[in-house]
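Here is how the chains run, residue by residue.
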Amino acid sequence: MNGNTQLIGILGYPVSQSKSPVMHNAVFTELGLNWAYVPLPVHPDQMERALKGLIALGFRGANVTIPYKETVLPFMNDLSPSAHAINAVNTISVTPDGRLLGDNTDASGFIEDLQENNIDVQNSTALILGAGGSARAILYGLLQAGCHEVTLLNRSLDKAHQVVQEISASFAKTNIQTDILDETNLARFSNANLIINCTSLGMKANADQMPWYDHISFHKGQIVYDLIYNPNPTRFLEKAQQDGARILNGLGMLVHQGVLSFTIWTGVQPPIEIMRKAILE
Ligand code: NAP
């Protein structure tokens, strides 16, 4: 690093668990770009000052992670169509005249991972578990990719309704059901072709939990996707694999959303395998 190094940050709380610094810095090194990606843990009452700090310190951009993807919205000078529709920002660009542009690469990152794995979205019936920031992006991505039959289950039903109402407003033809995430509804919708965990149940801190029940079976031919990639596999994916379903964790989505963010900041298409390798190592 020297006086010309261009900086990118990641805003979250905490951020120490994030794999994004290692992923992006590996590509900066590989491509010989004088850029650096730094973790920026921001206390909840400091977000507005932190965003002004990005501008003041000459940062070129930032990622936004849990729990701030919605918090940063009011501080953006402009939003991309996807960030606007999803109502969440995971990528910020700082313009030379000090404006903050909010984008969302989670939805496209998820869909690109499905495409890379030859998963047919258009003819799938999908079941989304959760209604937080990532569920918003997944629902938007699926609808945009042509999946018309989606069910979304969440612990807090009012949040599920709100997410579906907001996201579906951008689409003419949709068939979306919402209900509470409980044993009865999981059994009722367990036949979906594509089942995606967008809850935080099963992350390293609560690795023994899952948003599913042992006695509800997955089956062969189903795709079961967990946005969580640490631990690998989660208890949810372990169960799905035992039942014969095909499983995917969130590593592919992380890498693909990273590729898109990297391109937004630098204008350069990064080598995806370097990013994947950096995380796995
Ligand atoms: P979030 O906005 O905090 O939403 C959390 C969701 O989990 C909510 O729907 C919440 O339900 C549900 N939940 C939490 N505890 C629960 C419990 N005990 N029982 C049932 N439901 C529970 O988080 P997020 O941003 O959507 O992220 C969710 C997960 O996706 C995280 O593990 C995150 O690391 C992962 N993620 C991965 C990627 C990737 O690139 N692979 C990208 C984004 C996120 P309520 O609404 O009822 O509270």
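Just so it is clear, the structure is predicted and the values come from calculations on it, not from any experiment.

Here we come to helix H5 (residues 133–144). The terminal C-alpha atoms of H5, which comprises 12 residues, lie 17 Å apart, in line with the 16 Å expected from a rise of 1.5 Å per residue. Across the 12 residues of H5, 10 count as buried, placing the element largely inside the fold. Residues of H5 that are buried include every one of Gly133, Ala135, Arg136, Ala137, Ile138, Leu139, Tyr140, Gly141, Leu142 and Leu143, and no others.

Near the ligand you find 22 residues, and of these Ala131, Ser134, Asn154, Arg155 and Ser156 are the closest. One of the backbone N or O atoms of Leu254 is found 3.4 Å from an oxygen atom in the ligand. Contact with the protein chains removes 79% of the 930 Å² of surface that the ligand exposes when unbound. Going through the elements one at a time, H5 and helix H9 (251–266) are the ones with two or more residues in the shell around the ligand. Class assignment for the residues of the shell around the ligand results in 10 nonpolar, nine polar and three charged. Taken domain by domain, the makeup of the shell around the ligand includes at least three residues from each of domain 1 (6–104 + 254–280) and domain 2 (107–249).

With respect to the secondary-structure elements, Asn90 resides in the loop between helix H3 (81–86) and strand E5 (91–94). Of the polar contacts made by the side chain of Asn90, one reaches the side chain of Gln257; its length is 3.3 Å. In contact with Asn90, other than residues within four places in its own chain, are Ala62, Asn63, Val64, Lys69, Asp103, Asn104, Thr105, Asp106 and Gln257.

About the criteria used
Residues numbered from 1 in each chain as written. Predicted model: local features only at pLDDT ≥ 70, side-chain atom pairs only at ≥ 80, totals over all residues. Heavy atoms only, no water. Helix = DSSP H or I, 4+ residues; strand = E, 2+ residues; numbered from the N terminus. Expected span 1.5 Å × (residues − 1). Buried < 20%, exposed > 50% of the residue type's maximum accessible area, 1.4 Å probe, protein only. Near = heavy atom within 4 Å. Polar contact = N/O pair within 3.5 Å; in protein donor to acceptor, adjacent residues only side chain to side chain. Areas by Shrake-Rupley, 256 points an atom, 1.4 Å probe, with all protein chains shown as cover. Nonpolar A, V, L, I, M, F, W, Y, C, P; charged D, E, K, R; others polar. Domains from an automatic or database assignment. Contact = heavy atoms within 4.5 Å.

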